[in-house]
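# Overview (structure and organization)
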Amino acid sequence: QQQVKQSPQSLIVQKGGISIINCAYENTAFDYFPWYQQFPGKGPALLIAIRPDVSEKKEGRFTISFNKSAKQFSLHIMDSQPGDSATYFCAASRKGSNYQLIWGAGTKLIIKP
Amino acid sequence: NAGVMQNPRHLVRRRGQEARLRCSPMKGHSHVYWYRQLPEEGLKFMVYLQKENIIDESGMPKERFSAEFPKEGPSILRIQQVVRGDSAAYFCASSPNAGDGQYFGPGTRLTVT
């Protein structure tokens, strides 16, 4: 019930294309869903986050789509650039667990020039 | 406006020694979370602290591990009598309030030889 399942494990996208990463969760008590970007040897950087009262949130080239009934959420990166090549993690948290983040396993994204 | 700071960035310890990892949260943030990351995996929650209080240590092994966040100074994660399995990257994150976004430091990479 505490798991967050992320797919795909790795993804190769051409420059200018759309990168899509998906996550699914079981625990309906989760109420905060962030996405993080991590470069090798660095800490995760908060990209964008959503709460379940909205179905979509957009910040620049990054969009989260949220489907509460399906218990799924996804990250879309529009106009993907080589600098976007990194590992992306979805996560989820809830008030009842003191907002500790439960993490997906990560997606290694490579943008081909 | 400095981000979350962690030191040391790299730490090598022999089996049986003690490791002390330090984390200074962002200015104005009083909530600190510690996570551990093994290679090619997502992060795992260890402990959540506010100033002078441990709020949730459900992810931290009961033996050899301890954490504190004193009134003055950084948060400290202490690992006594380290073993090879403790080798990992340890990240701390801070947030201004519970339920707000967590911002991560660069991590401490612990190697136990």
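Below or above, wherever it landed, is the structure these notes cover.

What counts, and at which threshold
- Residues numbered from 1 in each chain as written.
- Chains lettered and ligands numbered in written order.
- Predicted model: local features only at pLDDT ≥ 70, side-chain atom pairs only at ≥ 80, totals over all residues.
- Heavy atoms only, no water.
- Contact = heavy atoms within 4.5 Å.
- Buried area = accessible area lost by both parts, 1.4 Å probe.
- Salt bridge = Lys/Arg side-chain N within 4 Å of Asp/Glu carboxyl O.
- Polar contact = N/O pair within 3.5 Å; in protein donor to acceptor, adjacent residues only side chain to side chain.
- Helix = DSSP H or I, 4+ residues; strand = E, 2+ residues; numbered from the N terminus.
- Pairing = 2+ DSSP bridges.
- Axes fitted to C-alpha atoms, helices over the stretch in contact; angles between N-to-C directions.
- Buried < 20%, exposed > 50% of the residue type's maximum accessible area, 1.4 Å probe, protein only.
- Patch = residues over 30% accessible without salt bridge, like charges linked within 9 Å, V, L, I, M, F, W, Y side chains within 5 Å.
- Areas by Shrake-Rupley, 256 points an atom, 1.4 Å probe, with all protein chains shown as cover.
- Disulfide = S-S within 2.5 Å.

Attention now moves to the interface of chain B and chain A. With 24 residues of chain B at the contact, the number on the chain A side is 18 residues. Contact between chain B and chain A buries roughly 1500 Å² in total, counting both sides, with carbon and sulfur atoms accounting for 52%. In terms of surface lost to chain A, no three residues of chain B exceed L43, G99 and F104 of chain B, which account for 29% of the buried area on that side. Put simply, chain B and chain A have 0 salt bridges between them. The tally of links from chain B across to chain A stands at 9 residue pairs in polar contact (both at pLDDT 80 or more). Contributing elements (two or more residues each) for the side of chain B that touches chain A: β4 (31-37), β5 (43-50), β6 (53-56) and β10 (103-104) of chain B.

Bringing the sheet that holds strand β1 (residues 5-7) of chain B into the picture now. Residue and element names in this part refer to chain B. With respect to topology, 4 strands assemble into an open sheet ordered β1-β3-β8-β7, the strand pairing being antiparallel. The open sheet is flanked by β1 and β7 (65-68), the only strands paired with a single partner. On average, each strand axis in the sheet is inclined to that of its neighbour by 15°, with strand direction left out of account. Taken together, the 5 bridges between strand β3 (residues 19-24) and strand β8 (residues 75-79) define a ladder with antiparallel strand orientation.

Before going further, it helps to examine the environment of E18 of chain B. Residues and elements named next belong to chain B. Mapped onto the fold, E18 is located in the loop between β2 (10-13) and β3. Its relative accessible area of 30% is what places E18 among the partly exposed residues. Residues E18 and I79 lie 61 residues apart in sequence; the distance between their C-alpha atoms is 5.7 Å. With near-sequence residues (within four places) excluded, E18 lies in contact with R13, R78, I79, Q80 and Q81. In this structure the side chain of E18 is engaged in a polar contact, spanning 2.9 Å, whose partner is the side chain of R78.

So, about a nonpolar patch on the surface. Among the surface-exposed residues, I18, I20 and M78 of chain A lie close enough to one another that they form a single nonpolar patch of about 240 Å² accessible area. Looking at the secondary structure, you find I20 of chain A in strand β3 (residues 19-25).

Moving on, we get to the state of the cysteines. Counted under the stated rule, the structure contains 2 disulfides over all chains. Sulfur-sulfur distance for the disulfide between C23 of chain A and C90 of chain A comes to 1.8 Å. Its torsion about the S-S bond being -90°, the disulfide of C23 of chain A and C90 of chain A is classed as left-handed. Taken together, the residues C23 of chain A in strand β3 and C90 of chain A in strand β9 (residues 86-92) connect sequence positions 67 residues apart. The burial state of C23 of chain A is the same as that of C90 of chain A; both residues are buried. One disulfide in the model links C23 of chain B with C92 of chain B; its S-S distance is 1.8 Å.

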